[in-house]
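Understanding the architecture of this molecule
The lines below spell out each chain.
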Amino acid sequence: MAGLQQTNSEMILLSWVRQSTRNYPQVNVTNFTSSWSDGLAFNALLHSHRPDLFDWNAVASQQSPVQRLEHAFNIARQHLGIEKLLDPEDVATACPDKKSILMYVTSLFQVLPQKVTMEAIREVEMLPRHSRVTREEHIEVHEQHFSQEVSFPFLLSSCCSKMFFLTLSYSEFH
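Each value, and the rule that gives it
- Once a new chain begins, its residue numbering starts again from 1 and follows that chain's sequence as written.
- Totals for whole chains, interfaces and linings use every residue, but because this is a predicted model, local features are given only for residues with pLDDT of at least 70 and side-chain atom pairs only at 80 or more, for both listing and counting.
- Computation of side-chain values: all heavy atoms of the structure, hydrogens and water removed.
- Only rings of Phe, Tyr and Trp enter the pairing, Trp through its six-membered ring, and a pair is recorded when the two centres are within 6.5 Å. The plane angle decides the type: under 30 degrees is stacked, over 60 is edge-to-face, the rest tilted.
- The buried label applies to any residue whose accessible area, calculated with a 1.4 Å probe on protein chains only, is under 20% of its type's maximum; exposed applies above 50%, and partly exposed to all values in between.
- Secondary structure is summarised from DSSP: a helix means a run of H or I of at least four residues, a strand means a run of E of at least two, and numbering begins at the N terminus for each.
- Two residues form a contact once any of their heavy atoms are found within 4.5 Å.
- For every residue, the pLDDT score states the predictor's confidence, bounded by 0 at the bottom and 100 at the top.

The next subject is the packing of aromatic side chains. Tallied over the entire structure, the rule returns seven aromatic pairs. Judged by centre distance (4.6 Å) and plane angle (50 degrees), the rings of W36 and F42 are tilted. Owing to a relative accessible area of 0%, W36 belongs among the buried residues under this scheme. For F42, a relative accessible area of 0% puts it in the buried group. When the centroid spacing of 5.5 Å and the interplanar angle of 80 degrees are considered together, the rings of F42 and Y104 count as edge-to-face. Here the residue F42 occupies a position in helix α2 (residues 40-49), and Y104 occupies one in helix α6 (residues 98-111), the gap between them amounting to 62 residues. Each member of the aromatic cluster is reached from another via a ring pair, and the members are F32, W36, F42, F73 and Y104.

Here it is in structure tokens:
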């Protein structure tokens, strides 16, 4: 049961990230490892919710992955109060640590708007399995049908003991 809860939490978190970064063509987050290596995903996630904090084009086009990661972590620390939990050099690799990325993205999730649409969740469900979860975590997730806005609790990862409530809006559904 814990594996199912974690997998569902990761799917919802990934849906939130993909929905938030949808308008950034350079960003395609499909997992919690390699999709974050170049620093674009962290910056796009921040910029999508707080475009007043920095110029996206300057960050996206003129900086190296380590510089972009450093930029995102500094913005999150200075403006959102999120401690720098990751070293840019550890993330700017072919396969950064999944649990570390999840922990940091969870920190962002706690302070940024958390609306996720059913469309975003369906999109993540359609991603190739290896992009979403590792083989050990492979669990079938059954699609649930909702006809209105629903809030439900979930734990984002084992490092968090706090329960969150996520509001899903399904205005296009049914």
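Past the structure itself, the notes keep going.
Before going further, it helps to examine the environment of L53. Here L53 is to be found in the loop between α2 and α3 (56-62). For L53, a relative accessible area of 16% puts it in the buried group. Sequence-wise, L53 and H79 are 26 residues apart; in three dimensions their C-alpha atoms are separated by 8.1 Å. Those residues in contact with L53, other than ones at most four positions away along the chain, are I75 and H79.

What follows deals with the confidence of the model for the chain. Mean pLDDT over the chain: 77, with 70% of residues reaching 70 or higher. At the low end of the mean pLDDT range in the chain sits strand β2 (residues 150-154), at 40; at the high end sits α2, at 98. A low-confidence stretch, residues 131-174 stays under pLDDT 50, and its non-local contacts, those more than four residues away or across chains, total 100 contacts.

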